[in-house]
Each structure stands twice: as structure tokens, then as C-alpha cells.
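Each chain, letter by letter, is given below.
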Amino acid sequence: MYQKDGEKYFVVDGHMHYWNAAPDNWVPGAEQYAKGWIECFHAYQGLGPPATHWPIEHFQKYSEDDLMKDVFENGYVDVAIFQPTYLKEWYKEGFNTTERNALMGEKHPGKFVYNTRFDPRDGEAGLQELRRNVERFGSRGLKLYTAEWNKGSRGYKLSDPEAYTFLGAAQDLGIKNIHVHKGPTIWPLDKDAFDVADVDHAATDFPNLNFIIEHVGLPRIEDFCFMATQEPNVYAGLAVVIGGLMHARPKFFAKVMGELLFWVGEDKMLFGSDYAIWEPKWQVEGFVDWEMPDDSELSDYPRLGTEGKKKIMGLNAAKLYDIDVPAEFGVPGTPGAHEVLGEASPQTA
Amino acid sequence: MSAPATAGSRGATAARGARGGSTPSAGAADASPGVPELLAALEAVRDPELDEPITSLGFVTSCHVSAAGDAQIRLRLPTYFCAPNFAFLMVADAYDAATAVPGVRDAEIVLEDHFAADAINGGVAAQAGFAATFDGEAVGELDGLRADFLRKAVLAGTDQVCRPLLAAGTDPARLLQLTLGEVPDSPPLRRLRERRAELGLAAGDDAPLLIDPKTGRPVDPGSLPLHLRTAKLTRTSLEANGSICRGMLRHRYDTPGQGEEEQP
């Protein structure tokens, strides 16, 4: 919970991790990829305030205590959503698997939501693993990383027939939310790996699933925004937008926020710290303080008020994940808040 | 005193080490004959995704040319995992730009610190093309990808040209009637014309200012508000990406690139 100027914010961190990227977890022969991946993440941390930078050794492998302190004790987060990333070709036990997240999280009841994942190239074994994970960890959401390397393949598209098989199976298992993370490789390599057209197809064909596009499709914000205007079940995950721009490039942060508020709207934007890339504390504090600057270049963007910030900080995600939000945190008068709070809607009252 | 700072030489094709003896400083090439011309040529090589020169982005680690006219250029990118297709285009374009400089006999382009560096460096050196370089992982060359991003550059450039006009009080509907020749000359206007010409779209004085970059047709009045909003969005996206790339590069390398320009 975060409180500022008499306003209380229920904070759902919609995108965070508990990884081990230290050399003890590197796959022999793939060390350069394991090292390159975590160094790339570490460079992203460099876009946050200098006082929040970690040495690479700590960044590679942080403890459960670090996480609990950074995210909950100091970071104001009420509920955190684990987003697994496997990368088992590079990391022996995976980068951060559903199991690793849940083994840690089960010691702290009520604090975490365990999302799982699938890889459509894993066939029947992958479907069975998906079923097992959903049953064991109660997952309601998936994190899909389309650039993952798998037995010589450099990635997949959500519109692939195999992906549709898995999306259908996930839906049957009760999965509601699909977090999509695009990366730099895909098959074939001559196409744009960051293109979100495949998500557009999947969102149309699976109208009962919600698709949260992580880091708002960066580096294809324009394609993402366009899609989000056409697909009612597409949402913006703000990981990287707040962490990567708010401190380092405030001018571009304002512009990107302006575009998102215009095209996507405050009801469909979700905060995510991307911990441990960035700690939530400075992001929550900075975002609640943030105002669209008074600049003629920004004058035709919508403004973001306290209610919008409450939604983005937690209420929107709480709605997607059926997380109970105490009444004191609600936003009066918005349908979303009524649903979140379990109250009768104005129409039925 | 020492050779130019580079971040190591893991590129398999880096056969020759940089010779010492010169003292390059930030943004300045050494005094070997032909280097200024080489750097000028590299200014025409752009990151297709960001539509900015690789020089001003800081991607050129070092640039040398021997007395006999053999050029050696080392390139670097913001991350180890930058998309291999765009990386290939930059290395291939750098090769083409360098070998086109009068007096350059041959050029070796070495991309450093990238997961696909060996494949890209070897593929460009062999003039193999993208599909052959990534045999089995790619089905075609990169012309379609390049054209897609040129269209984005046209949209972003449209905002750069139109924004000052609108700020000066031009009625948005008037933009539909303007030709390129009627817009006051400026660097953004010249850039927009160049990008349109590259795509084979009308870029002369009598061509309309506002066109659909896919079809080349003039924008119709009903589409004007969406067209301008899309242009603005595309420019925001490209510039935000560029700012993140610069930040990542700075974290990765503490030495400026040849011809690097800080972003305001």
C-alpha cells in the first residue's frame, strides 16, 4: 500500500521475477548467452536512478530476503505477479521458472500470484507440463516469451497453429490472462521479431482471453497502440516504460504516457516493476508524483489524475486477476472499481 | 599513446589488431589518410529501426584505413541481443558505404560483442546475403523489412515537418493542400524527401506533403486526424527507442563512438 497526500493506492506489481542468473546456473557451452542476457538486463537497470543500481554479482542472484524487502517492505507492493522466463537452453534450472517462484512464494501466503507459461514447440509434453503447473500452482495467467530459443528454433508467433492449440488448452484450464513479451529473435529471422500482428490475430480469435502486452510492445509502441484500439481484450503492461524512461528520459516518458493514455486509456494500463531489473519503490513514488508537464508539445494528450493512477497502480490488475481490494482503496463511481470491490453496479443498485 | 579503446576482439574475423601510435580522442578519427572521408560515408549508414546514422548513435567503435586503402571498421550495439536482422543491415550497409569511398581497396567490418557477430561478420565479408548467412533460420533477404521501417521513418518525418507548421498556426486542413515545394526548406523536410525517394514515392516539389506511405496516395480529408496522430505516435516511438538505445549503449561502453552525438 502506498499513501500520498491523503490518497491510498493498492499496488499490484504486474510483472516481476525471482531469477538465478549466476554462473552456477549457466549451461556449459551456452555461457556467452546466459552472460549476455543478464548483462542486457543489467544495462536496463542503468536507466533507473543511480542510487538504485546494483553490482552485477548481486543482480545475477539475489535472495528471497532481498526480494521481500525490496518489493513489499520498501516497495509498497500489496500483491506481486510472478512472470516466469525459462530460457533452459542457457540456464540449467531455468532463468526463473514457475516452480522456483512458487517455492519461494508459498512461504508468504497471499503475497504472490503464480503465472506459468508454455512453449508451443514442446508438443504434447508441453501441454502436460502446462496442465500440471496450472493444477499445482493455481495459475490464472501465462507469460509467453516469443523469442525463446528451443532446439535450434529462434522463436515462434502466437498465430502459429501450435500456439493456438496451447492457447485453447490454457483457456480450458481456466487461464484468463496472457502476458506477451516480444524479443529480438523469431522464425524466420528476416521478419521483424517485435511485430505484434500475431497477438492481434490471437486476441481476435480468443476473445475471452486478455492479452497484456509487456513493455507496451517496445520497440513497437506504435503497432501496439494501433492494435489496442481495435481489440477490447488487449492491455498495456508498463514494465520498462516507467522503469526505463521515467527517470532517464522524462521528456519521452511524458510523450509515451500521453500516447498510451490517448490510444489505450487508463483503464487498460497495468503497472509492473520488472523487478529485479528495477525496484518498485522509486517507480511507485515517482509515478504517483508524476504529472503531464505543461508543455505545448504535450497539450493534446489526455491528463492522468489520481483515479487513473490508482487504476494503473493496482486496480486494473486486481480486476484481471480477481484480487480482493479493500474498499478503502477503490475509486468511487467507476464500473471497474465496483467490480473490483464486489459491490452492486450502479445499474443494478 | 595507445590503440583506440575497443571492448575486446571476440569477432572471429578480426584478423588484424588496431595498430598503435595514434591518439584518437572523443569523436575524432586519427590522422590516417581517408578516415574523415570514411566517417563521412558512414554517416549515411542508418540504424533502420531508429532512422538515425550509426555514427551519431555511437555505434562506430573505431575506423581505420591503411595507406594501401584497406579500411577496418568496428561496430558495437546497445545490447548483446539486438535483433540480428537489423544488425546485419548495418554491417552490410557499412561495408557498401566504406568500399564506395574513392581510394578504399577493401573493407573489413567487425561487429563486436553480439550473439550473432561471427555469422554476420562472416556473411557480410563473403557477400553472402542474409538468407545464406542464416541458412535455415531465414527465408528471404531484408528488403521488405527495410521498406517497412522506411515507411515508419516517413510517418515520423511527417510529424517533424508538420508540427512546426501547426504550431505556427497553419490550419490542419491546409496541410492536405500543401506540396513539398510549398513547405519552407529545413533539414527535416530534406530528410522526409530522401526517405520518400528511397521508397520510390513522390518527393518532388509538386508532390503532396501528406501521403499514405504504403500506397503513395494523397491523404484524404476523412483520414487526416488519424494520419497526423499516427505520424506523431510513430515519431514518439522511434525517438523513445532511440533514447533507450543510447542509455543502454552508455551503460555498456564508457567510451564515445566515432562521430557520436549526445542527444539533448
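Residues numbered from 1 in each chain as written. Chains lettered and ligands numbered in written order. Predicted model: local features only at pLDDT ≥ 70, side-chain atom pairs only at ≥ 80, totals over all residues.

(A) Focus on the packing of helix H10 (residues 250–263) of chain A against helix H9 (residues 224–252) of chain B. Running from N to C, H10 of chain A and H9 of chain B point in directions that differ by 140°, and their axes come no closer than 10 Å. On the basis of their axis angle, the class for H10 of chain A and H9 of chain B is oblique. The way H10 of chain A lies across H9 of chain B gives a crossing that is left-handed. Counted together, Phe252, Lys255, Val256 and Glu259 of chain A of H10 of chain A and Leu233, Thr236, Glu239, Ala240 and Ser243 of chain B of H9 of chain B form the full contact between these two elements. (Axes fitted to C-alpha atoms, helices over the stretch in contact; angles between N-to-C directions. Helix = DSSP H or I, 4+ residues; strand = E, 2+ residues; numbered from the N terminus. Parallel < 35°, antiparallel > 145°, perpendicular 65-115°, else oblique. Left-handed = near helix turned anticlockwise from the far one by under 90°. Contact = placed C-beta atoms within 7 Å.)

(B) Expanded view of the interface of chain B and chain A. With 34 residues of chain B at the contact, the number on the chain A side is 33 residues. Counting only elements with at least two residues in the side of chain B that touches chain A, the list comes to helix H3 (84–99), helix H5 (130–133), helix H6 (143–167) and H9 of chain B. Examining the composition of the side of chain B that touches chain A, we find that 13 residues originate from one element, H9 of chain B, more than from any other. Split into classes, the residues belonging to the side of chain B that touches chain A amount to 18 nonpolar, ten polar and six charged. (Nonpolar A, V, L, I, M, F, W, Y, C, P; charged D, E, K, R; others polar.)

(C) Summary view of the sheet that holds strand S5 (residues 112–114) of chain A. Residue and element names in this part refer to chain A. Reading across from one edge, S3-S4-S5 is the order of the three strands in this open sheet, with parallel pairing throughout. What marks the edges here is a single partner per strand, and that holds for strand S3 (12–16) and S5. Put simply, the sheet's adjacent strands are angled 20° from each other on average, direction ignored. Relative to strand S4 (residues 79–82), S3 runs parallel, the two sharing three bridges. In the sheet register, aspartate 13 faces S4, and the bridge partner there is alanine 80. (Pairing = 2+ DSSP bridges.)

(D) Local environment of the pairing of strand S9 (residues 234–237) of chain A. Residue and element names in this part refer to chain A. Of the two faces of S9, the one lined by Val234 and Ala236 and the one lined by Tyr235 and Gly237 are each fully buried. Looking at chain direction, strand S8 (residues 210–213) and S9 are connected through three bridges and run parallel. Bridged to isoleucine 212 within S9 is tyrosine 235. Where S9 and strand S10 (residues 269–270) come together, two bridges link them in parallel fashion. Within S10, the position partnered with glycine 237 by the bridge is leucine 270. (Buried ≥ 20, exposed ≤ 12 C-beta atoms within 10 Å, placed from the backbone.)

(E) Local environment of the packing of helix H8 (residues 221–230) of chain A against H10 of chain A. All names here are of chain A. In contact at an axis separation of 9 Å, H8 and H10 are set at 20° when each is read in the N-to-C sense. It follows from the interaxial angle that H8 and H10 lie roughly parallel. In the packing of H8 onto H10, the handedness of the crossing is right-handed. Contact with H8, carried on its side by Ile221, Cys225, Ala228 and Thr229, involves Val256, Glu259 and Trp263 of H10 and no other residues of that element. Grouping the amino acids of the contact of H8 with H10 by side-chain chemistry returns five nonpolar, one polar and one charged.

(F) Here's a closer look at unusual backbone geometry. All names here are of chain A. With omega at -10°, the peptide bond leading from tryptophan 187 into proline 188 counts as cis. Looking at the element boundaries, proline 188 is found in the loop between strand S7 (177–181) and helix H7 (197–205). The linkage connecting tyrosine 275 with the following residue, alanine 276, adopts the cis geometry, with an omega of 5°. Tracing the sequence through the fold places alanine 276 in the loop between S10 and helix H11 (280–289). One non-glycine residue with positive phi stands out, namely leucine 87, at about 50°. Phi at aspartate 274 takes a positive value of approximately 65°, unusual for a residue other than glycine. Mapped onto the fold, aspartate 274 is located in the loop between S10 and H11. For aspartate 274, a count of 28 C-beta atoms within 10 Å corresponds to the buried category.

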